[in-house]
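Chain residues, written in single-letter form:
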Amino acid sequence: MSNTRIAFIGAGNMAASLIGGLRAKGLETTQIRASDPGAETRTRVSAEHGIETFADNAEAIQGVDVIVLAVKPQAMKAVCESLRPSLQPHQLVVSIAAGITCASMNTWLGAQPIVRCMPNTPALLRKGVSGLYATSEVTAEQRDQAQELLSAVGLAVWLEQEQQLDAVTAVSGSGPAYFFLLIEAMTAAGVKLGLSHEVAEQLAEQTALGAANMAVDSDVDAAELRRRVTSPGGTTQAAIESFQAGGFEALVEKALGAAAHRSAEMAEQLGK
Ligand SMILES: NC(=O)c1ccc[n+]([C@@H]2O[C@H](COP(=O)([O-])OP(=O)(O)OC[C@H]3O[C@@H](n4cnc5c(N)ncnc54)[C@H](OP(=O)(O)O)[C@@H]3O)[C@@H](O)[C@H]2O)c1
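Computed from a predicted structure; not experimentally measured. (Residues numbered from 1 in each chain as written. Predicted model: local features only at pLDDT ≥ 70, side-chain atom pairs only at ≥ 80, totals over all residues. Heavy atoms only, no water.)

**Remarks on the site of the ligand**
Contacts to the ligand come from 19 residues, most closely from Asn 13, Met 14, Asp 36, Asn 57 and Val 71. For the ligand, an oxygen atom lies 2.7 Å from a polar atom in the backbone of Met 14. Within the side chain of Lys 72, one N or O atom sits 3.3 Å away from an oxygen atom of the ligand. In the complex, 72% of the free accessible area of the ligand, which totals 890 Å², lies under the protein chains. For the shell around the ligand, the per-class residue count stands at 12 nonpolar, five polar and two charged. (Near = heavy atom within 4 Å. Polar contact = N/O pair within 3.5 Å; in protein donor to acceptor, adjacent residues only side chain to side chain. Areas by Shrake-Rupley, 256 points an atom, 1.4 Å probe, with all protein chains shown as cover. Nonpolar A, V, L, I, M, F, W, Y, C, P; charged D, E, K, R; others polar.)

Spelled out as structure tokens, the structure:
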């Protein structure tokens, strides 16, 4: 990315987080620019990151190699159509908008190389994970550029098929909320068992963090880690058996299936 120039269209939460990540990786302020209709947003982003900002999207993309579409899905059609007359064929378009397909973007933008990504909220802390899909027009160098861009806010994982982004949405896109739900439920159960809310919440949150770190750092999978902390006839086994008797795995499968289905349904509606 040493010579790559990047324009962000939309300078909201995700764009600011990506810009912060890129600056931390050593990109110069002159390599990054952003456009946004909000004067306050533009002032905040330029003050925070020292980059040039624009009210006009078409002006922002002049001379850049990569254009990051970081607007809400509902704004994508209008943004793409407004950029179309100013696009150069070699410019890579990276979209982080949930549910907007490459086919829809190609209709609105013309035949442009596109990488479609699904990041998640922890990207705001640079601890996210993103699924990435590239159309056949994307070159190897452009894939590397997209990889580096999303790696600035966490882990970036390539997908072979665009449709798999619905599964990514179900697992990691919506995933943080599942863990929040588990933390909530464990906190409430801890309170019922006699802890104060504050203590139960600290225990649940720190346990989630510690378990996630162990799963990420370990050479063995989560099932093996679970077996290692589950002594026969012990307390953990009693809890796991209760989860399983209540149909935990089937419930998770059903929940993620519902999220993937909704993701495909929304893509259908938003692409019109
Ligand atoms: N936040 C997440 O955790 C997350 C996770 C996965 C994917 N995403 C995707 O990332 C995208 C951005 O999300 P976000 O959370 O960063 O949203 P956000 O904070 O609302 O940022 C979007 C920015 O785009 C601006 N904008 C609106 N219309 C525009 C236009 N025509 N041209 C240029 N800029 C325009 C908005 O300005 P106004 O506010 O004035 O409209 C806003 O500042 C969304 O498509 C979302 O699906 C976000």
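**Comments concerning the pattern of salt bridges**
Tallying each qualifying case throughout the model produces six salt bridges. Residues Glu 148 and Lys 25 are paired through a salt bridge, measuring 4.0 Å at the closest nitrogen-oxygen approach. With Glu 148 in helix H6 (residues 140–151) and Lys 25 in the loop between helix H1 (13–24) and strand E2 (32–35), the pair connects residues that are 123 residues apart, well separated along the chain. Relative accessible area serves as the criterion here: at 30%, Glu 148 is assigned to the partly exposed category. Judged by its relative accessible area of 42%, Lys 25 falls in the partly exposed class. Linking Arg 228 and Glu 224 is a salt bridge whose minimum nitrogen-to-oxygen distance equals 3.0 Å. Of this pair, Arg 228 and Glu 224 are both found in helix H10 (residues 222–228), four residues apart, which corresponds to roughly one turn of the helix. Linked through salt bridges whose partners overlap, the residues forming this network are Glu 224, Arg 227 and Arg 228. (Salt bridge = Lys/Arg side-chain N within 4 Å of Asp/Glu carboxyl O. Helix = DSSP H or I, 4+ residues; strand = E, 2+ residues; numbered from the N terminus. Buried < 20%, exposed > 50% of the residue type's maximum accessible area, 1.4 Å probe, protein only.)

**So, the UniProt feature "domain: Pyrroline-5-carboxylate reductase catalytic N-terminal" (unreviewed entry) in the protein**
In this numbering, the UniProt entry assigns the feature "domain: Pyrroline-5-carboxylate reductase catalytic N-terminal" (unreviewed entry) to residues 5–99. Annotated as 37% helix and 20% strand, the span residues 5–99 places its first and last C-alpha atoms 26 Å apart. (UniProt positions renumbered as here; feature names shortened; annotations may be inferred.)

**A few points about the sheet that holds strand E5 (residues 92–95)**
If you trace the eight strands from one edge of the open sheet to the other, you get E3-E2-E1-E4-E5-E6-E7-E8, paired in mixed fashion. Edge positions in the sheet fall to strand E3 (52–54) and strand E8 (154–158), since each has one partner strand and no second. Between one strand axis and the next, the sheet turns by 25° as a mean value, whatever way the strands run. Examined bridge by bridge, E2 and E3 share three bridges and lie parallel to one another. Each residue of the ladder has a partner; that of Ala 34, found in E3, is Thr 53. Where helix H7 (residues 164–173) meets the sheet, it contacts strand E6 (114–118) and strand E7 (128–134), and its direction lies at approximately 30° from that of E6. (Pairing = 2+ DSSP bridges. Axes fitted to C-alpha atoms, helices over the stretch in contact; angles between N-to-C directions. Contact = heavy atoms within 4.5 Å.)

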